[in-house]
Amino acid sequence: MRSFTTVEGLQQALANSSDIGFVPTMGALHAGHLSLVEQARKNHPTVVVSVFVNPTQFNDPNDLKCYPRTLDADLALLEEAGVDYVFAPSVEEIYPTTDPRTFDFGQLDKVMEGATRPGHFNGVAQVVSRLFEIVKPRKAYFGEKDFQQIAVVREMVRQLGMPVEIVACPIVRDTDGLALSSRNTLLVPPRGRTDDLSSVKDCGRACSVGDANGTDEMGCHGG
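Summarised in this report is the structure supplied together with it. (Residues numbered from 1 in each chain as written. Predicted model: local features only at pLDDT ≥ 70, side-chain atom pairs only at ≥ 80, totals over all residues. Heavy atoms only, no water.)

Section: the nonpolar core
And step 1. Residues F132, V153, M156 and I166 are the most contacted members of the largest nonpolar core, which totals 34 residues.
And step 2. Broken down by secondary-structure element, the contributors of at least two residues to this core are α1 (7-13), β2 (20-25), β4 (85-87), α7 (120-135), β5 (139-143) and α8 (147-160).
And step 3. Among the elements that line this core, the one with the most residues is α7, at nine residues.
And step 4. Not counting chain neighbours up to four residues away, the residues in contact with I166 comprise F132, A140, F142, I150, V153, R154 and V157.
And step 5. Formed by 15 residues, the second largest nonpolar core is a distinct cluster that contains V23, L36, V47 and V49. (Core = buried A, V, L, I, M, F, W, Y, C linked by side-chain atoms within 4.5 Å. Buried < 20%, exposed > 50% of the residue type's maximum accessible area, 1.4 Å probe, protein only. Helix = DSSP H or I, 4+ residues; strand = E, 2+ residues; numbered from the N terminus. Contact = heavy atoms within 4.5 Å.)

Below, the structure written as structure tokens:
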């Protein structure tokens, strides 16, 4: 596995790859992300995973600040999972200048999660479109946990005419049925799950719990 922090380095490595499976993430990886990697591994000779906490999809600075970041652990998991390339860029590498784009998704990004996180899905579209331009995948894999994000990304792909297929993969759950999420690390371990879910609500007052890809798994980025 090779890891890159620059667009130039990654694109040079991918120069001869014509069938790429791509899993965009915001890191803090778990079994849900790894299930996306497994699907990509089955379908493509080359698998790329991005690890990037995208600031433009956060409308709460505290949320961005406390989002879990575990790059060393993420790299170890991805290597074990058979990923070929990891792209872990800086904010400046993804956004050399401010991204001024505003997408029109109609009501798609204004209901459900979008109703309480204005601008969130516009930020998702900004980063995912930028990553697609860099990686040029044939297919990109997202977890159905973030189903609204998948709908937004598919519409973004349609509007921009991007030649990438969006693959929605089944939700991976914990033993008690809770969908796996990077933000589950914010739960309080010693207490029961019901209490833990209450603790998420408490945490959300200081650090919004809404998801990558939302979305932790750009979950946005998946899983």
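Following the structure, the description resumes.
So, unusual backbone geometry
And step 1. Even without a glycine there, the phi angle at A28 is positive, about 50°.
And step 2. On the secondary structure map, A28 appears in the loop between β2 and α2 (31-43).
And step 3. The class for A28 is buried, based on a relative accessible area of 8%.
And step 4. A positive phi angle, close to 55°, is found at K136, a residue other than glycine.
And step 5. Topologically, K136 is positioned in the loop between α7 and β5.
And step 6. K136 gets classed as exposed once you look at its relative accessible area, which sits at 57%.

Let's talk about the packing of aromatic side chains
Ring pairs (aromatic) are described by centroid distance and by the angle formed between their planes.
And step 1. Throughout the structure, instances matching the rule amount to five aromatic pairs.
And step 2. Each ring, one from F52 and one from Y95, has its centre 6.4 Å from the other, and the planes form 55°; the classification is tilted. Residue F52 is located in the loop between β3 (46-51) and α3 (61-66), and its partner Y95 is located in the loop between α5 (91-94) and α6 (113-116); the two are separated by 43 residues in the primary sequence.
And step 3. Given the relative accessible area of 3%, F52 is considered buried. (Phe/Tyr/Trp six-rings, centres within 6.5 Å; stacked < 30°, edge-to-face > 60°.)

Things to note about the pattern of salt bridges
And step 1. By the definition in use, this model includes nine salt bridges.
And step 2. In this structure, the salt-bridge partner of D63 is R117, at a minimum N-O distance of 3.6 Å. Here D63, found in helix α3, pairs with R117, found in the loop between α6 and α7; they are 54 residues apart in sequence, far enough to count as distant. Of the two residues examined, D63 and R117, each falls in the buried class.
And step 3. As a salt-bridge pair, D99 and R101 come within 2.8 Å of each other at their nearest N and O atoms.
And step 4. Using a relative accessible area of 17% as the deciding quantity, one classes D99 as buried.
And step 5. A relative accessible area of 28% places R101 in the partly exposed class.
And step 6. The structure contains a network of salt bridges with shared partners spanning D63, E113 and R117. (Salt bridge = Lys/Arg side-chain N within 4 Å of Asp/Glu carboxyl O.)

Some details on the environment of T102
And step 1. If you trace the backbone, T102 turns up in the loop between α5 and α6.
And step 2. Expressed as a C-alpha distance, the spacing of T102 and G119, which sit 17 residues apart in the sequence, is 9.0 Å.

Overview of the packing of α7 against α8
And step 1. Running from N to C, α7 and α8 cross one another at 55°; their axes reach a closest spacing of 10 Å. In terms of axis orientation, α7 runs oblique to α8. Crossing hand, α7 versus α8: right-handed. Here F121, V124, A125, V128, S129 and F132 of α7 come into contact with α8, specifically with Q148, Q149, V152, V153, M156, V157 and L160.
And step 2. Each residue belonging to the contact of α7 with α8 can be placed in one class, and the counts come to 10 nonpolar, three polar and no charged. (Axes fitted to C-alpha atoms, helices over the stretch in contact; angles between N-to-C directions. Parallel < 35°, antiparallel > 145°, perpendicular 65-115°, else oblique. Left-handed = near helix turned anticlockwise from the far one by under 90°. Nonpolar A, V, L, I, M, F, W, Y, C, P; charged D, E, K, R; others polar.)

What to know about the sheet that holds β5
Neighbouring strands of a sheet are bound in pairs by backbone hydrogen bonds; such pairs are parallel or else antiparallel.
And step 1. One open sheet accounts for six strands, arranged β1-β4-β3-β2-β5-β6; its pairing is parallel. Whereas interior strands pair on both sides, the edge strands pair on one side only; in this sheet they are β1 (2-4) and β6 (165-169). Averaged over neighbouring strand pairs, the angle between their axes works out to 25° when direction is ignored.
And step 2. In this fold α2 packs onto β2, β3, β5 and β6, with an angle of close to 155° to the strand it touches most, β5.
And step 3. Its contacts with the sheet put α8 on β5 and β6, and the angle it makes with β6 is roughly 170°. (Pairing = 2+ DSSP bridges.)

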